[in-house]
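A closer look at the structure
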Amino acid sequence: MLVPPKLAAVPLVSATDTVAGYEPLEDFDPYDSTHLFWEEIKQLGFAFRDIRRDDLTDELIEELLRAAQPVWAVLTKIQRRKQVETIKVNI
């Protein structure tokens, strides 16, 4: 399991900063699990950013690649579903 980043490693963002594409906070649905997905993606980004070449061994690389295979399978399903939806819209 990857260790979460240190608090000092998490970039600080001003409360007044806005990012294009983010929904307003009042639209937040606590029953919508997609925010958990994006939080996991963010944590993975922090973890991968902090990995250096000398942190890795061949065994760790192989373990990461094996662990990534199911993720890639799901991402492929998502891409295929989007392609089918696009084709249906264009018909």
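In case you missed it, the structure is sitting above this.
Right, let's walk through the structure included here. (Residues numbered from 1 in each chain as written. Predicted model: local features only at pLDDT ≥ 70, side-chain atom pairs only at ≥ 80, totals over all residues. Heavy atoms only, no water.)

In this section: the overall build of the protein. When you go through the protein residue by residue, the secondary structure sums to 2 helices and 0 strands. Residues classed as buried in the protein amount to 3% of the 91 residues present. When the accessible surface of the protein is split by element, carbon and sulfur atoms take 62% of a total near 9100 Å². (Helix = DSSP H or I, 4+ residues; strand = E, 2+ residues; numbered from the N terminus. Buried < 20%, exposed > 50% of the residue type's maximum accessible area, 1.4 Å probe, protein only. Areas by Shrake-Rupley, 256 points an atom, 1.4 Å probe, with all protein chains shown as cover.)

Going through the model one piece at a time under the given rule, you end up with 3 salt bridges. When the shortest N-O distance is used, the salt bridge between Asp50 and Arg49 registers 3.8 Å. Using a relative accessible area of 35% as the deciding quantity, one classes Asp50 as partly exposed. Arg49 gets classed as partly exposed once you look at its relative accessible area, which sits at 40%. As a salt-bridge pair, Arg81 and Glu85 come within 3.6 Å of each other at their nearest N and O atoms. Highlighted residues: Arg81 and Glu85, both in helix α2 (residues 58-90), separated by 4 residues, approximately one helical turn. For Arg81, a relative accessible area of 52% puts it in the exposed group. (Salt bridge = Lys/Arg side-chain N within 4 Å of Asp/Glu carboxyl O.)

All right, on to the environment of Thr57 then. With respect to the secondary-structure elements, Thr57 resides in the loop between α1 (34-49) and α2. A polar side-chain atom of Thr57 sits 3.1 Å from the main-chain amide nitrogen of Leu60. (Polar contact = N/O pair within 3.5 Å; in protein donor to acceptor, adjacent residues only side chain to side chain.)

On to α2, then. Taking 1.5 Å per residue, 33 residues should reach 48 Å; α2 reaches 46 Å between its end C-alpha atoms and fits that length. The largest bend along α2 measures about 30° and falls at Gln69, with the proline Pro70 one to four residues further on. (Expected span 1.5 Å × (residues − 1). Bend = angle between axes of the 7 residues up to and from the residue.)

What follows deals with the packing of aromatic side chains. Scanning the entire structure with this criterion turns up 1 aromatic pair. Ring centres of Phe37 and Trp38 lie 4.8 Å apart, and the angle between their planes is 75°; on these two criteria the pair is classed as edge-to-face. (Phe/Tyr/Trp six-rings, centres within 6.5 Å; stacked < 30°, edge-to-face > 60°.)

For the rest of this paragraph, the subject is a nonpolar patch on the surface. Residues Phe37, Trp38, Ile41, Leu44, Phe48, Leu56, Leu60, Ile61, Leu64 and Leu65 make up a contiguous nonpolar surface patch of roughly 900 Å² in combined accessible area. Of all the secondary structure elements, the ones that give two or more residues to the nonpolar patch are α1 and α2. The dominant element in the nonpolar patch, judged by the number of residues it contributes, is α1, at 5 residues. With respect to the secondary-structure elements, Leu60 resides in helix α2. For Leu60, a relative accessible area of 38% corresponds to the partly exposed category. (Patch = residues over 30% accessible without salt bridge, like charges linked within 9 Å, V, L, I, M, F, W, Y side chains within 5 Å.)

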